[in-house]
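Each chain is listed here by its residues.
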Amino acid sequence: KGEFYFDDKYSDYYFILKINDREIIFVKTDEIETNQGHILIVGFKGKIKKRKFHDVLKEAHKQDCLIFANHPLHIFGISYILVKKLLGGVKEISLSKKEIIHDKREINALELNSYFHEDWKKIRQFAKINKLPVVSDDDAHFIDEIFTSWYEVDNLDFNNPKNFKKSLRSELKSGIKLHAHKYGYVALYKHVFQVVFESLGRKFGLIR
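Residues numbered from 1 in each chain as written. Predicted model: local features only at pLDDT ≥ 70, side-chain atom pairs only at ≥ 80, totals over all residues. Heavy atoms only, no water.

**Q** Whenever I open this one, the pattern of salt bridges confuses me. Can you help?
**A** When the charged atoms of two side chains lie near each other, side chains of opposite charge can form a pair. Summed over all chains, the structure comprises 5 salt bridges. Note that E59 is salt-bridged to K62, the shortest N-O span being 3.2 Å. On the criterion of helical spacing, the pair formed by E59 and K62 is a turn pair, its members being 3 residues apart in helix 1 (residues 53–62). A relative accessible area of 21% means that E59 is categorised as partly exposed. Classification of K62 as exposed rests on a relative accessible area of 65%. (Salt bridge = Lys/Arg side-chain N within 4 Å of Asp/Glu carboxyl O. Helix = DSSP H or I, 4+ residues; strand = E, 2+ residues; numbered from the N terminus. Buried < 20%, exposed > 50% of the residue type's maximum accessible area, 1.4 Å probe, protein only.)

Okay, structure coming up:
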């Protein structure tokens, strides 16, 4: 037994679940598949319909959103290229070094993704040279992957969306505690199978 309270005043950005003296805060984010790679938008009200990278940046900038580069700098091998040719419509998933440098002022952090841990060293080195924060993320596609990787920040202000975005931007610059953990090959192949299944489903009109 206990007291429960649900605060959805700013549900476009986050909502708060209070259980007795504890607060659990769920932050809304949007991972966008752009023509140049995936990016995570934090703090956007509504839905971004555009898919060209710079158009998405403009939309996010209007609302002073934070932008993370998802699994950046990743280079796929020949197997991905063959799948891409076979299925068609499979987009680039990772921003390159050149693209990140070009739009560095718009990007708030680079992600260490649990699926692509072979990229972590070069992402850290690149982030250090370019003075960009790094976050760790499990990118969970299955229930057993939730909370595999995460990061800690100390002083977030949830009084309103403007304060939240300002405080998160400040915390990313001042210091982040990473809890980055790697997935094994089983998780990676499960993910690949899911991507292939979804791509085939869309191609033949089985799923939207």
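**Q** I would appreciate a short explanation of helix 5 (residues 161–174) in the present structure.
**A** The periodicity of an α-helix, 3.6 residues per turn, causes residues three or four places apart in sequence to face the same way. Over its 14 residues, helix 5 extends 20 Å from the first C-alpha to the last, a length consistent with the 20 Å expected when each residue adds 1.5 Å. By the burial criterion, the buried members of helix 5 are P161, F164, K165, S167, L168, R169, E171 and L172. Its buried side turned inward, helix 5 meets strand 2 (14–19), strand 3 (22–27), strand 5 (38–42), strand 6 (66–69) and strand 8 (134–137). Between the side-chain oxygen of the N-cap and the backbone nitrogen of K162 there are 3.2 Å, and the N-cap of helix 5 in question is N160. Looking one or two residues beyond helix 5, the residue adopting positive phi is G175, at roughly 155°. (Expected span 1.5 Å × (residues − 1). Contact = heavy atoms within 4.5 Å. Polar contact = N/O pair within 3.5 Å; in protein donor to acceptor, adjacent residues only side chain to side chain.)

**Q** Is there a simple way to think about unusual backbone geometry in this case?
**A** Where the residue is not glycine, phi is negative for most of them; where a peptide bond is considered, it is trans in most cases. The backbone phi angle of D64 is positive, close to 55°, even though this residue is not glycine. In this structure, D64 sits in the loop between helix 1 and strand 6. Owing to a relative accessible area of 43%, D64 belongs among the partly exposed residues under this scheme. Of note, L73 is a non-glycine position whose phi angle comes to about 65°, a positive value. Its location among the elements puts L73 in the loop between strand 6 and helix 2 (78–87).

**Q** Is there a simple way to think about the packing of aromatic side chains in this case?
**A** Any aromatic ring pair is given by two values, namely how distant the centres are and how the planes are angled relative to each other. Applying the stated criterion to the full structure yields 7 aromatic pairs. Ring centres of F15 and F26 lie 5.0 Å apart, and the angle between their planes is 20°; this geometry places the pair in the stacked category. With F15 in strand 2 and F26 in strand 3, this residue pair connects regions lying 11 residues apart in the sequence. Using a relative accessible area of 40% as the deciding quantity, one classes F26 as partly exposed. Among the aromatic residues, those joined into a ring-pair cluster are Y10, Y14, F158 and F164. (Phe/Tyr/Trp six-rings, centres within 6.5 Å; stacked < 30°, edge-to-face > 60°.)

**Q** Could you clarify how one ought to interpret the sheet that holds strand 2 in this entry?
**A** Strand-to-strand pairing in sheets goes through backbone hydrogen bonds, with the strands running parallel or antiparallel. Pairing within the open sheet is antiparallel, and its 3 strands lie in the order 1-2-3. Sheet topology places strand 1 (4–7) and strand 3 at the edges, where each strand pairs with a single neighbour. Between one strand axis and the next, the sheet turns through 15° on average, direction left out of account. Strand direction decides the pairing type here: strand 2 and strand 3, joined by 6 bridges, are antiparallel. Across the sheet, I19 pairs through a bridge with R22, a residue of strand 3. (Pairing = 2+ DSSP bridges. Axes fitted to C-alpha atoms, helices over the stretch in contact; angles between N-to-C directions.)

**Q** What is the right way to look at helix 4 (residues 120–130) in this model?
**A** Residues W120, I123, F126, A127 and N130 constitute the buried set of helix 4. Along the long axis of helix 4, the arc covered by the buried residues comes to 130°, so they all point the same way. Exposed and oriented more than 90 degrees from the buried face of helix 4 are K121, K128 and I129. Contacts from the buried residues of helix 4 go to helix 3 (97–102), strand 7 (109–113) and strand 8. Two residues or fewer past helix 4, K131 is found with a positive phi of approximately 55°. (Arc of directions from axis to C-beta.)

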